[in-house]
Amino acid sequence: MLPKRVLTVAGSDSGGGAGVQADLKTFSAYGVYGMSVITAVTAQNTCRVYGVEGLSSRFVALQFESVYTDIGVDAVKTGMLLNAEIVLTVARKLSECPVPHIVVDPVMVAKGGDKLLQDNAVDRLIRELLPLATLVTPNIPEAEILAEMTIESPADLREAAIRIHRSGCKAVLIKGGHLKGDAVDVLFDGESFSRFTAERIHTRHTHGTGCTFSAAITAGLARGLLLKKSIQVAKRYITEAIGQSMALGKGHGPLNHFVHVEEMD
Ligand code: PXL
């Protein structure tokens, strides 16, 4: 049987731990066929980002059309989109060319503080891309920007999820990794809240965790899991991948993407 076809629209991480590289490794671990539309190339390693070069929005569109018209796409995730023009182009393509599952990871800054999305692109992201999304997966700093509020408590987190949901997306998953204690993520689907909990793993080797998590959810959706189940399976996968992360390089090492994915055999 042919594999499910999953596309990432994101930036390249030369260090191989985040971005397109993390997404494609995750897709392989899930047994789906991975494809990429590259929006920008970063020169980076485990220590820092040395440079970022964006592709033209025209070339982003050409990559998308090339794979969509020939191979087809069962599910797509977006990651680093760099600027307002690329955000708009990706939103236009996704509204012209329907894809059953659209996961938007609203990537804004790298771990070291480097901007991966220009400030003036945030508004475009909210207005043009979020309304198309099956799921949006901000971390807390990203949720604070999207919801225009500070998040200090579980009640704040729920309020932020409600505000982000008003953009028109089907569901919002705010990742609680930046809060203290266990890593609790909160899903709001417009009707109710669900919590996804995992024990916090103490390691500095967490480069690419956000990318990997949203890629895993996308691959699960492509393979036919319902949204909550897909998040549950992805949460177990990411926890195991962090548990087996690798001290490669001198900074924040990558996860081990090739851990076993439960229920995806
Ligand atoms: O994790 C956010 C992220 C996304 N995309 C690319 C990145 C990073 C973080 O470094 O480099 C290309």
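Residues numbered from 1 in each chain as written. Predicted model: local features only at pLDDT ≥ 70, side-chain atom pairs only at ≥ 80, totals over all residues. Heavy atoms only, no water.

Undergrad: Let's hear about the site of the ligand: which residues, and what values?
TA: Every residue close to the ligand is listed here: Gly-11, Ser-12, Ala-18, Gly-19, Gln-44, Met-80, Val-107, Ala-110, Leu-116, His-207 and Cys-211. Taking Gln-44, its side chain carries an N or O atom lying 2.3 Å from an oxygen atom of the ligand. Relative to its unbound accessible surface of 310 Å², the ligand loses 91% to contact with the protein. Across the shell around the ligand, the residue classes tally to six nonpolar, five polar and no charged. (Near = heavy atom within 4 Å. Polar contact = N/O pair within 3.5 Å; in protein donor to acceptor, adjacent residues only side chain to side chain. Areas by Shrake-Rupley, 256 points an atom, 1.4 Å probe, with all protein chains shown as cover. Nonpolar A, V, L, I, M, F, W, Y, C, P; charged D, E, K, R; others polar.)

Undergrad: Account for unusual backbone geometry, naming residues and giving values.
TA: Of note, the phi angle at Leu-82 is positive, near 65 degrees, even though the residue is not glycine. For Leu-82, the position within the fold is in the loop between β4 (75–78) and α3 (84–96). Using a relative accessible area of 10% as the deciding quantity, one classes Leu-82 as buried. (Helix = DSSP H or I, 4+ residues; strand = E, 2+ residues; numbered from the N terminus. Buried < 20%, exposed > 50% of the residue type's maximum accessible area, 1.4 Å probe, protein only.)

Undergrad: Describe the pattern of salt bridges, with residues and values.
TA: Per the counting criterion, the structure on display carries 12 salt bridges. We note a salt bridge from Asp-74 to Arg-5, for which the minimum N-O separation is 2.9 Å. Here Asp-74 is found in the loop between α2 (57–70) and β4, whereas its partner Arg-5 is found in strand β1 (residues 5–13), with 69 residues between them in sequence. By relative accessible area, which is 15% here, Asp-74 ends up buried. A salt bridge links Arg-236 to Glu-263, with the nearest nitrogen and oxygen atoms 2.8 Å apart. (Salt bridge = Lys/Arg side-chain N within 4 Å of Asp/Glu carboxyl O.)

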